[in-house]
Amino acid sequence: MKKALLAATVVASALTATLITAPAANAGHRSAIPFTEATVTAAADGSFTLKWKARGTGRVEIKANGKVVAKGGARGQAVVTGLPAADRQWFDFKPQHGQGLRLADRLIKLDGTANFRDAGGYRTSTGQWVRMGEVYRSDALNKLTSEDLAKLRRLRVRTVFDLRMQDERTKDADKVPAGAAYVVADVFAGSGSFQTMPRTPDEAVKAMIDAERAMVSGEGGRKAYAQVLDGIENDRARSVLFHCTAGKDRTGWAGAALLTALGVPRETVEADYLASNDYRRAANDAILSHLPAQQAAVYKPLLDVRPEYLNAGYEEAEARYGSFDRYLEDGLGIDARELKQLRKDLLIG
C-alpha cells in the first residue's frame, strides 16, 4: 500500500468501500416506567415482533398509528403484520399503571448504509430509558441515495459528526441531508501510531486493541468525542448523527461512551457494540470471501468488533483517569452540569 495505515480501524474501513461499572444516572432516581424489557424487531417480510416485560402492571396495550395492534399481560410477545409502509414504524407501549414507552426497530434501513441505527431504546440501571429518535450512529454516508437523504430529513437529522480521517473524507465525501450541519470530529487527527499492516491474526487483534486505547487517550480522540457529546447536549433541535466508515470502532466507542454516561448497564452497552457484527455480517463475509485464506484470517479481526476491543477502551479510561466519570470530566470536559443536562434531555422515566 502506498500510504501507511494510521490505524487498524481504518484498514477495515478501507476494505468496506469495559471493564468498569457504569456511573449511576441520577442516583436515587426511581423510574415511573414499569417496563424492564421492551423491544421492537422488524422482519424482512414487513412484520414486527414486539416483546415486553413490565413490573407492577397486569395489562399492557400496544398501539401503532393510533390503533391497538397488540395486548397482553405483564410479560408478552406479539407479531404484528399488515401495517402501512413508513419511514419508521413506531409503537406505543402503554402499561395499565405507570409511564409508557415509544419504541421502533433500532435499524434504519437505507440503500446506502448497512449499520445506520438508533442509539436509544435502552434501559438504564435506574430504570429510566434512553429516548429513541434523538441520536443515531452509522457507517459511511458517501453512498446515500436521494431517497435516503429525504428520509433523513424526515427523521430530523440536523447535525452530522464525521469521525473519519482526512483521506477518508476526501475519498468518500459525506452526503448529508439538506440543512444539516456537518462537523468534522477526526478521532485519529495528528496520530502517528499504527504505521504498519498486521501480518498475523494476533497482530491484528493487538492493533485493534491499541486503536481502541488511542481513541480514549489520544488527543484527537479526546477532542472528537468531546465534540460529539457536547454537540448532543447542546443541540435542542436534534436529531444528531455520528459516524465513521464501518460504523463499528470509532463510532462504537462514541456510542459506548454516550450510553455509559447515561447510566446504561455495561452488559447492555456491550451488546449494542457487538451488534455491528450482525448488521455488517453480509458486507464482511463478502470481503473475506474474496481474499486468500491466510489474508482473510488476518483481516477478520479488523472487520470484527469483539468484547476485548471495547474492554480496552474502558480499561484505558480507568487507567488514565481513575474512573469513567473522571474520563468524562477530565478527558472530554463534560462536567456535572452538562452530564445532568444530557441525562435530562435523553432519558425518560
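First things first, this report covers the structure right here in the doc.

The rules behind these values
- Residues numbered from 1 in each chain as written.
- Predicted model: local features only at pLDDT ≥ 70, side-chain atom pairs only at ≥ 80, totals over all residues.
- Heavy atoms only, no water.
- Helix = DSSP H or I, 4+ residues; strand = E, 2+ residues; numbered from the N terminus.
- Rg over C-alpha atoms; globule rule 2.2 N^0.38 Å.
- Buried < 20%, exposed > 50% of the residue type's maximum accessible area, 1.4 Å probe, protein only.
- Lys, Arg positive; Asp, Glu negative; His and termini not counted.
- Charge placed at Lys NZ, Arg CZ, Asp CG, Glu CD.
- Pairing = 2+ DSSP bridges.
- Core = buried A, V, L, I, M, F, W, Y, C linked by side-chain atoms within 4.5 Å.
- Contact = heavy atoms within 4.5 Å.
- Phe/Tyr/Trp six-rings, centres within 6.5 Å; stacked < 30°, edge-to-face > 60°.
- Lys NZ or Arg CZ within 6 Å of the ring centre and 35° of its normal.
- Axes fitted to C-alpha atoms, helices over the stretch in contact; angles between N-to-C directions.
- Parallel < 35°, antiparallel > 145°, perpendicular 65-115°, else oblique.
- Left-handed = near helix turned anticlockwise from the far one by under 90°.
- Nonpolar A, V, L, I, M, F, W, Y, C, P; charged D, E, K, R; others polar.
- Polar contact = N/O pair within 3.5 Å; in protein donor to acceptor, adjacent residues only side chain to side chain.

So, the overall build of the protein
So, point 1. A count of helical and extended segments in the protein gives 12 helices and 14 strands.
So, point 2. Against the compact-globule benchmark of 20 Å for 349 residues, the protein has a radius of gyration of 20 Å, which places it among compact chains.
So, point 3. Referenced to the eigenvectors of the C-alpha coordinate spread, the extents of the protein come out at roughly 60 × 45 × 40 Å.
So, point 4. Taken over 349 residues, the protein has a buried fraction of 55%.
So, point 5. Taking the average location of the 50 positive side-chain charges in the protein and that of its 43 negative ones, the two points are 5 Å from each other.

Topic: the sheet that holds strand β11 (residues 159-162)
So, point 1. On the basis of which strands lie adjacent, the open sheet formed by five strands has the order β8-β10-β13-β11-β12 and mixed pairing. Where the open sheet ends on each side, the last strands, each with one partner, are β8 (117-118) and β12 (181-184).
So, point 2. For β8 and strand β10 (residues 135-138), the ladder comprises two bridges, and the chain directions are antiparallel. Of the residues in β10, the one forming a bridge with D118 is Y136.

Thoughts on the nonpolar core
So, point 1. Of all hydrophobic cores here, the largest spans 61 residues; its most connected members are Y225, I232, W253, L258, Y327 and L328.
So, point 2. Not counting chain neighbours up to four residues away, the residues in contact with L328 comprise L229, A261, G333, I334 and L339.
So, point 3. A38, W52, A54 and I62 belong to the second-largest nonpolar core, a separate cluster that totals 23 residues.

As for the packing of aromatic side chains
In this description, an aromatic ring pair is defined by two values, namely the gap between the centres and the angle between the planes.
So, point 1. Under the definition given, this model contains 10 aromatic pairs.
So, point 2. Aromatic pair W253 and F324: ring centres 6.5 Å apart, planes at 65°, arrangement edge-to-face. Here F324 lies in helix α11 (residues 324-331) and W253 lies in helix α6 (residues 250-262), a separation of 71 residues in the sequence. Accessibility assignment for this pair places W253 and F324 in one class, buried.
So, point 3. Connected via pairs of aromatic rings, a cluster forms that spans W253, Y314, Y321, F324 and Y327.
So, point 4. A cation over a ring is seen here: R106 above Y122, with NZ or CZ 4.0 Å from the ring centre.

Structural notes on the packing of helix α10 (residues 307-321) against α11
So, point 1. It is at 8 Å that the axes of α10 and α11 come closest, and there the two elements cross at 70°. If you check the angle between α10 and α11, you find them roughly perpendicular. Viewed along their axes, α10 and α11 form a crossing whose handedness is left-handed. Facing Y314, A317 and Y321 of α10, the residues of α11 in contact are F324, R326, Y327, D330 and G331.
So, point 2. Each residue belonging to the contact of α10 with α11 can be placed in one class, and the counts come to five nonpolar, one polar and two charged.

Let's talk about the side chain of T57
So, point 1. Mapped onto the elements of the fold, T57 is located in the loop between β2 (48-54) and β3 (60-64).
So, point 2. Among the residues examined, T57 registers a relative accessible area of 6% and is labelled buried.
So, point 3. Polar contacts involving the side chain of T57 include one to the main-chain carbonyl oxygen of R59, which spans 3.3 Å.

Here we look at the sheet that holds β2
So, point 1. What the three strands build is an open sheet, ordered β1-β2-β5; its pairing is antiparallel. The sheet is open, and its two edges are formed by β1 (35-42) and β5 (75-80), each paired on a single side. Strand-to-strand, the axes of this sheet are offset by a mean angle of 10°, without reference to chain direction.
So, point 2. Taken together, the six bridges between β2 and β5 define a ladder with antiparallel strand orientation.

Details of the pairing of β3
So, point 1. The alternating pattern of β3 places V60, I62 and A64 on a buried face and E61 and K63 on a face that is not buried.
So, point 2. Connecting β3 to the next strand, strand β4 (residues 67-72), in antiparallel fashion are two residues, including N65 with a positive phi near 55°.
So, point 3. For β3 and strand β6 (residues 90-95), the ladder comprises four bridges, and the chain directions are antiparallel. Bridge assignment links V60 to a residue of β6, and that residue is P95.

Here's the deal with the packing of helix α5 (residues 219-234) against helix α12 (residues 336-346)
So, point 1. Contact geometry of α5 with α12 gives a least axis separation of 9 Å together with a crossing angle of 55°. The orientation of α5 relative to α12 falls into the category oblique. Here the hand of the crossing between α5 and α12 comes out left-handed. On the side of α5, the interface is formed by L229, D230, I232 and E233, while α12 contributes R337, E338, Q341, L342, D345 and L346.

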